[in-house]
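The residues making up each chain are set out below.
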Amino acid sequence: YLSLNNINIYINPLANPNGTYRGGNDSVDGAIRYNNTFADLNRNFPDPEDGDHPDGRSYQEETEIFMSFAQDYNISLSCNIHGGAEVANYPWDTYQKLPADVNWWVEQCRTYVDTVHSYSDDNYFRGFDNGISNGYAWYEVQGGRQDHMIYFHRGREFTLEISNRKLVRSEDLPEVWSSNRSALINYMAASLHGLRGLVTDCLTGLPIEAEIIIPGHDIDNSSVFSEPHLGKYFRYLDNGQYDLMAIAEGYDTLYFSAEIADNQSTRYDVQLCPAGMTSVANATLDKVNVYNLNGTIHFIGLPQGQKFDMAIYDAEGRLL
């Protein structure tokens, strides 16, 4: 688990303190699903399909705190842990249609549950599709945190239901932990896999907030953004070859390709140049000499008396 040393890990141990300790501060006996205003906090988030207040309630204090935290930190991979069932639930909850990266999601949930099976008894996490389910196929949810994090913050989150009992008995907690521990650590380690890199200005080297898009693949906000202050981006993908583009306001678009392998990390650093930097004002050219690595000259004829734009990329696809 040495790879976890390279990950920022944030743990929110309790999202609903008022509901959990409704029976008193010394016991969870009497806990309820709702907070002290009887709002269901997992129906209180902005929803991709149903808008800002899908439950008809104002945003609760707990919701606002979490949305503020998610805004301040780039949470690239997460899970939302519940009780009441035993299943790894992948998006969407609000949409009947499947997410762009459904194959990657199924693989992550399958890997999680297969690991759980290796450390638990034969009856644990055996329902649904042998322990996994698409959210909407299970039942539709509006205003859940999972879809909020994916759609509005461009992260990746699944809902983990860890017990058929809503309130796990104290004596059962060690067994639940030992059954899930390795699967949780492996899921966190998966945040280091897939495509990652830095987006910077080709002149200054400063970080840029850019959108990383896979044309013909991305739907429903499945593209990701680089962090504005660091330039880091993370994109989790099923194995295969992908053609991507990096877009930022005021910069030329960069097109590049990346090969993704399961459980591996592919790094591609992107340098974007200010828009129009490669154009030459009032240039009069009738040909361009291009030399390859062995010195052979290639002549590119140019249209006489016409204006044109030209961009030159290196062998790695970076705009020169």
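Above this text is the structure in question.
Parameters at a glance
- Residues numbered from 1 in each chain as written.
- Predicted model: local features only at pLDDT ≥ 70, side-chain atom pairs only at ≥ 80, totals over all residues.
- Heavy atoms only, no water.
- Axes fitted to C-alpha atoms, helices over the stretch in contact; angles between N-to-C directions.
- Helix = DSSP H or I, 4+ residues; strand = E, 2+ residues; numbered from the N terminus.
- Parallel < 35°, antiparallel > 145°, perpendicular 65-115°, else oblique.
- Left-handed = near helix turned anticlockwise from the far one by under 90°.
- Contact = heavy atoms within 4.5 Å.
- Nonpolar A, V, L, I, M, F, W, Y, C, P; charged D, E, K, R; others polar.
- Pairing = 2+ DSSP bridges.
- Salt bridge = Lys/Arg side-chain N within 4 Å of Asp/Glu carboxyl O.
- Buried < 20%, exposed > 50% of the residue type's maximum accessible area, 1.4 Å probe, protein only.

Asks: Would you take a moment to explain the packing of helix α3 (residues 102–118) against helix α6 (residues 173–189) for this structure?
Replies: How two helices pack is summed up by the angle between their axes together with the distance between the axes. Running from N to C, α3 and α6 point in directions that differ by 150°, and their axes come no closer than 7 Å. Comparing the axis directions of α3 and α6 gives the class roughly antiparallel. When the axes of α3 and α6 are compared, the crossing they make is right-handed. Only S179, N180, S182, A183, L184, N186 and Y187 of α6 make contact with α3, whose side of the interface consists of W105, Q108, Y112, T115 and V116. Taken together, the residues of the contact of α3 with α6 sort by class into 6 nonpolar, 6 polar and no charged.

Asks: I keep staring at the sheet that holds strand β6 (residues 211–213) and nothing clicks. Help me out?
Replies: Sheet strands line up and pair through hydrogen bonds in the backbone, either parallel or antiparallel. Taken in spatial order, the 4 strands of this open sheet run β7-β6-β9-β10, and their pairing is antiparallel. Sheet topology places β7 (224–225) and β10 (254–260) at the edges, where each strand pairs with a single neighbour. Two strands pair when backbone bridges link them, and strand β9 (residues 240–247) and β10 are joined in this way by 7 bridges, in the antiparallel orientation. Each residue of the ladder has a partner; that of M245, found in β10, is Y255.

Asks: Help me out: how do you make sense of the pattern of salt bridges in this one?
Replies: Pairing between side chains becomes possible if they bear opposite charge and their charged atoms approach one another. Counting across every chain of the model gives 10 salt bridges. Of the charged contacts in the structure, one is a salt bridge between D40 and R33, with a shortest N-O distance of 2.5 Å. Taking relative accessible area as the criterion, D40 reaches 14% and is therefore assigned buried. R235 is paired through a salt bridge with D218; the nearest N and O atoms lie 2.7 Å apart. With R235 in strand β8 (residues 232–235) and D218 in the loop between β6 and β7, this pair connects stretches of sequence that are 17 residues apart.

Asks: What is the right way to look at unusual backbone geometry in this model?
Replies: For residues that are not glycine, phi is negative in most cases, and the peptide bond is trans in most cases. In this structure, the amide linkage connecting P91 to the following residue, W92, adopts the cis form with an omega of -5°. Mapping W92 onto the fold places it in the loop between β2 (85–90) and α3. Not every positive phi belongs to a glycine, and F125 is a case in point at roughly 60°. As for its position among the elements, F125 is in the loop between α3 and β3 (132–134).

So yeah, pure geometry; function would need other evidence.
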